[in-house]
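Survey of secondary and tertiary structure
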Amino acid sequence: MFRFKSTTSKGEFVSLDEYISRMVSGQDSIFFLPGDSEESIVKSPLLKKFEKKGVEVLLLVDPIDEFCMQHLAEYEKYKLRSIAKEDGGLLETDTIAKKKFQKVKDIYKPLTEWYKTRLGKEVEKVAVSNRLVDEPAYIFTSQYGYSAHMEKINRAQAFANQEKASNYMLAKKHFEINPNHPLIKELL
């Protein structure tokens, strides 16, 4: 049975069943965030939006945890989603909020295109984010392939040959900007 610490477990380990029993109404996924240590994970700016909405996030500190989650993919009909990846944000179910966010994306299109031109091949995509609270921007990894944390673990392996590393598994970077941050507003 898998057991993890979480943002609401106060240092105790919780099972996936316990997590599911505490999910907020309308939540359709089990969210997790991998990292090097519990201390570094709880400082992540990615957790702020989830904390605001009262959504629990599992803290994956052991390198094998993320590997297992990627291969498990689903538990009790709930998708397992890393909030550090492109598709890991809270899904807005409100159609009015979706329309409003689409308008914001249209307004910021000149800035996202400018960033994409400047960053070139360093990033796969530049987009407006709806999951950042206080930060002006953040780099996420693609939904597919390794996360930045898994890539770091693979590079640290004693016999890792970087020339032969599978490029398709390397983390594809997605640069997201916060349209509510004063710096981003000024850049627009």
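Scroll up for the structure.
Figured I'd write up the structure that's included with this text. Just so it is clear, the model here is predicted, and its values are computed rather than measured. (Residues numbered from 1 in each chain as written. Predicted model: local features only at pLDDT ≥ 70, side-chain atom pairs only at ≥ 80, totals over all residues. Heavy atoms only, no water.)

Here we look at the sheet that holds strand E4 (residues 58-60)
Two orientations exist for strands paired in a sheet by backbone hydrogen bonds: parallel and antiparallel. Filter applied, for reference: Should DSSP find at least two bridges between two strands, the strands are taken to pair. In this text, helices come from DSSP runs of H or I with a minimum length of four residues, and strands from runs of E with a minimum of two, each type numbered from the N-terminal end.
Overall, mixed pairing links the six strands, which are arranged E2-E1-E4-E3-E6-E5 in an open sheet. Only two strands of the sheet have a single partner each, and these edge strands are strand E2 (14-15) and strand E5 (74-75).

Overview of the sheet that holds strand E7 (residues 125-128)
Stated precisely, the cut-off is as follows: As a rule, the C-alpha atoms of each element are fitted with a line to give its axis, helices using only the stretch in contact, and angles between N-to-C directions run from 0 to 180 degrees. In this description, contact between two residues means that some pair of their heavy atoms is separated by no more than 4.5 Å.
Across the sheet, which stays open at both edges, the three strands sit in the order E7-E9-E8 with mixed pairing between neighbours. Each edge of the sheet is formed by a strand with only one pairing partner; in this case those strands are E7 and strand E8 (137-141). Averaged over all pairs of adjacent strands, the angle between their axes in this sheet comes to 25°, without regard to strand direction. Across five bridges, the pairing between E8 and strand E9 (residues 173-177) is antiparallel. Across the sheet, Ala137 pairs through a bridge with Ile177, a residue of E9. Each of E7 and E9 is contacted by helix H6 (residues 109-119), which is oriented at about 155° to E7, the strand it contacts most.

Side note on the packing of aromatic side chains
We describe a pair of aromatic rings using the distance from one ring centre to the other and the angle between the two ring planes. Quick reminder of the rule: Each aromatic pair joins two rings of Phe, Tyr and Trp (for Trp, the six-membered one) with centres within 6.5 Å, and gets the label stacked for planes under 30 degrees apart, edge-to-face for over 60, and tilted for any other angle. Residue burial is assigned from relative accessible area. The probe radius is 1.4 Å, only protein chains are included, and a residue is buried under 20% of its type maximum, exposed over 50%, and partly exposed in between.
For the structure shown, the criterion picks out five aromatic pairs. Ring centres 6.0 Å apart and planes at 20° place the aromatic pair Phe2 and Phe4 in the stacked group. Taking the relative accessible area as the measure of exposure, Phe2 reaches 36% and is therefore partly exposed. Geometrically, the ring pair formed by Tyr115 and Phe175 is tilted, given 4.9 Å between the ring centres and 55° between the ring planes.

Description of the pattern of salt bridges
This is how it is decided: The rule for a salt bridge is simple: a side-chain nitrogen of Lys or Arg has to be within 4 Å of a carboxyl oxygen of Asp or Glu.
Summed over all chains, the structure comprises six salt bridges. Measuring nitrogen to oxygen at the nearest pair gives 2.7 Å for the salt bridge that ties Glu56 to Arg22. One end of the pair, Glu56, is in the loop between helix H3 (47-53) and E4; the other, Arg22, is in the loop between helix H1 (16-21) and strand E3 (29-34), and 34 residues separate them in sequence. On the accessibility criterion, Arg22 (39% relative accessible area) is partly exposed. Note that Lys48 is salt-bridged to Asp134, the shortest N-O span being 3.2 Å. Taken together, the residues span a long stretch of sequence, with Lys48 in helix H3 and Asp134 in the loop between E7 and E8 at a distance of 86 residues. By relative accessible area, Lys48 is classed as partly exposed at 28%. Members of the salt-bridge network, linked through shared partners, are Lys48, Asp134 and Glu135.

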